[in-house]
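Results of the structural survey
Take a look at the letters that make up each chain.
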Amino acid sequence: MTVVTSLWVYPVKSCKGLSVTEATIDENGFEFDRFWVIVNAKSGEFVSQRTNPALGAVETEFVYRGTSVVGVRLSHKGKKDLTVLTKNSWEKRDERKIDVWGDKMVTVSSGEEAANWINEVLGTSQVYELVQRHPSITRRDVSSSRQVLDKKNIPQKTFTTGFSDGYPFLLIQEESLGKMNSDMSKSKDFKPSAHKPLTMNRFRPNIVVSSEGGTQHDDDDLWLEIQIGASTFFCLKACDRCVMTTINPSSLKRDPATSPINPLAYLNSNRNFGRGSLGLGSHDMYMLLVMTSLALAWLHVFQTLGAVDL
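What this report covers is the structure whose coordinates are included nearby. (Residues numbered from 1 in each chain as written. Predicted model: local features only at pLDDT ≥ 70, side-chain atom pairs only at ≥ 80, totals over all residues. Heavy atoms only, no water.)

1. Quick word on the overall build of the chain
- What the chain contains, in helices and strands, is three helices and 20 strands.
- When each of the 310 residues of the chain is scored for burial, the buried share is 54%.
- Counting only carbon and sulfur atoms, one obtains 49% of the accessible surface of the chain, whose full area is about 14,700 Å². (Helix = DSSP H or I, 4+ residues; strand = E, 2+ residues; numbered from the N terminus. Buried < 20%, exposed > 50% of the residue type's maximum accessible area, 1.4 Å probe, protein only. Areas by Shrake-Rupley, 256 points an atom, 1.4 Å probe, with all protein chains shown as cover.)

As structure tokens, this is what we get:
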């Protein structure tokens with residue numbers, strides 16, 4: 001039996017995430033996941049830890065009114081916390097055109113105070129701005145990516161995401177990370193005193209699952225559909241990992257390419273993309289495309305996962 005062991009939401013793209021016990025699914029992923037993004041105020045291009053590792057030190061916390069999320073609180077060592085409320089109405093002059101991996105979209109500025117706070121934290125010569133999703137037009141169509149599937153049982157439906165890199169959800173098995181740490185510890189250059197096991201937050205998953213008893217599976221490369229509660233997820237592809245996985249979440253420094261615990265080097269050497277119709281190897285870290293039969297659905301930890309194989 002495979003169960004959900006943790007759920008993660010990242011209110012501001014590339015800043016620290018929040019571990020939650022339950023999350024609402026909407027048409028773009030988890031509700032308020034990457035609802036805000038930091039952009040270059042001049043070019044509109046999004047900013048991430050790839051070029052600004054300091055974002056990894058910005059902590060996030062939802063602001064509630066009753067049980068409803070109404071904003072986010074940002075904190076950083078040595079600075080006064082910043083509270084940013086969601087905007088439900090605004091002037092046309094507050095709209096910003098931005099670029100996320102070549103996709104152009106309209107967003108809403110979170111204001112001058114937020115921009116000043118972000119610029120002080122990042123402390124570079126660039127000028128940045130915090131923006132939020134536009135409720136009606138901040139969507140990116142990712143339906144065309146279905147071409148990597150056999151298209152078996154894939155509904156002809158438009159799938160969308162917001163500010164995420166590519167898809168609404170990223171799912172990882174705990175056994176995948178355990179295998180990676182075990183393999184890397186066997187390197188001749190590995191020193192237990194200097195090289196600590198990698199933690200899950202390096203990989204920024206939304207959904208973390210584990211098999212009963214911690215046993216490893218070798219059939220996950222054949223998953224086509226995953227059912228969790230009332231939600232059906234379609235396994236689109238193995239997640240292409242980037243240099244962000246090499247950033248130590250504590251020190252915000254990158255692992256040297258020659259480090260025995262460099263996850264990117266390990267994945268490039270060990271991932272098997274040649275197995276199964278999806279071209280995925282066992283213990284891969286999956287990216288999932290979501291579809292639910294309900295307008296809104298809930299996920300919570302300890303739910304069981306059911307898989308439909310190819």
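The structure having been displayed, the exposition proceeds.
2. Overview of the nonpolar core
- Judged by nonpolar contacts, the single largest core of 42 residues is most densely connected at Phe 30, Ile 38, Leu 74, Leu 130 and Ile 207.
- With near-sequence residues (within four places) excluded, Ile 207 lies in contact with Val 4, Ser 6, Leu 7, Phe 30, Phe 169, Leu 170, Leu 171, Ile 172, Ile 228, Phe 233 and Leu 299.
- Within the second largest apolar cluster, 14 residues are counted, among which are Leu 170, Phe 190, Leu 198 and Leu 267. (Core = buried A, V, L, I, M, F, W, Y, C linked by side-chain atoms within 4.5 Å. Contact = heavy atoms within 4.5 Å.)

3. Some words on the sheet that holds strand β8 (residues 82-85)
- What the three strands build is an open sheet, ordered β6-β7-β8; its pairing is antiparallel. Two strands lie at the open edges of the sheet, namely β6 (59-65) and β8, each paired on one side alone. Between one strand axis and the next, the sheet turns through 30° on average, direction left out of account.
- Where β6 meets strand β7 (residues 68-75), seven bridges bridge the pair, whose relative direction is antiparallel. Residue pairing for β7: Phe 62 is matched across the bridge by Val 72.
- Contacts between helix α1 (residues 112-122) and the sheet are confined to β7 and β8, with β8 contributing the most and set at about 140° to the helix. (Pairing = 2+ DSSP bridges. Axes fitted to C-alpha atoms, helices over the stretch in contact; angles between N-to-C directions.)

4. Description of the environment of Ile 38
- Along the polypeptide, Ile 38 turns up in strand β5 (residues 36-40).
- C-alpha separation for the pair Ile 38 and Glu 129, spaced 91 residues apart in sequence, amounts to 5.6 Å.
- Apart from the residues lying within four places of it in its own chain, the contact partners of Ile 38 are Val 12, Cys 15, Glu 45, Phe 46, Val 47, Leu 55, Ile 118, Tyr 128, Glu 129 and Leu 130.

5. Side note on the packing of aromatic side chains
- Applying the stated criterion across every chain, the model contains seven aromatic pairs.
- On the basis of an interplanar angle of 70° and a centroid distance of 4.7 Å, the ring pair of Phe 35 and Trp 36 is categorised as edge-to-face.
- A relative accessible area of 0% places Trp 36 in the buried class.
- Here Phe 169 and Phe 233 contribute two aromatic rings whose centre-to-centre distance is 5.2 Å and whose plane-to-plane angle is 85°, an arrangement assigned as edge-to-face. Of this pair, Phe 169 sits in strand β14 (residues 169-173) while Phe 233 sits in strand β17 (residues 231-238); the two residues are 64 residues apart in sequence, bridging distant segments of the chain.
- Residue Phe 233 is classed as buried on the basis of its relative accessible area, which comes to 0%.
- Each residue in the set Phe 32, Phe 35, Trp 36, Phe 62 and Tyr 64 is aromatic and connected to the rest through ring pairs, giving one cluster. (Phe/Tyr/Trp six-rings, centres within 6.5 Å; stacked < 30°, edge-to-face > 60°.)

6. Concerning α1
- Listing the buried residues of α1 in full gives Ala 114, Ala 115, Trp 117, Ile 118, Val 121 and Leu 122. Considered in projection along α1, the buried side chains sweep an arc of 165° and stay on one side of the axis. Away from the buried face of α1 by more than 90 degrees, exposed residues Glu 112, Glu 113 and Glu 120 are located.
- Close packing links the buried residues of α1 with β5, β7, β8 and β11 (128-133).
- Of the residues flanking the end of α1, it is Gly 123, one or two places downstream, whose phi is positive at about 55°. (Arc of directions from axis to C-beta.)

7. Let's talk about the pairing of β5
- Within β5, five of the five residues are buried, which leaves the element mostly enclosed by the surrounding structure.
- Side chains Trp 36, Ile 38 and Asn 40 project from β5 onto one buried face, and the interleaved Val 37 and Val 39 project onto a second face that is buried too.
- Judged from the five bridges that link them, β5 and β11 form a sheet pairing that is antiparallel. Counterpart to Trp 36 in the pairing with β11 is Gln 132.

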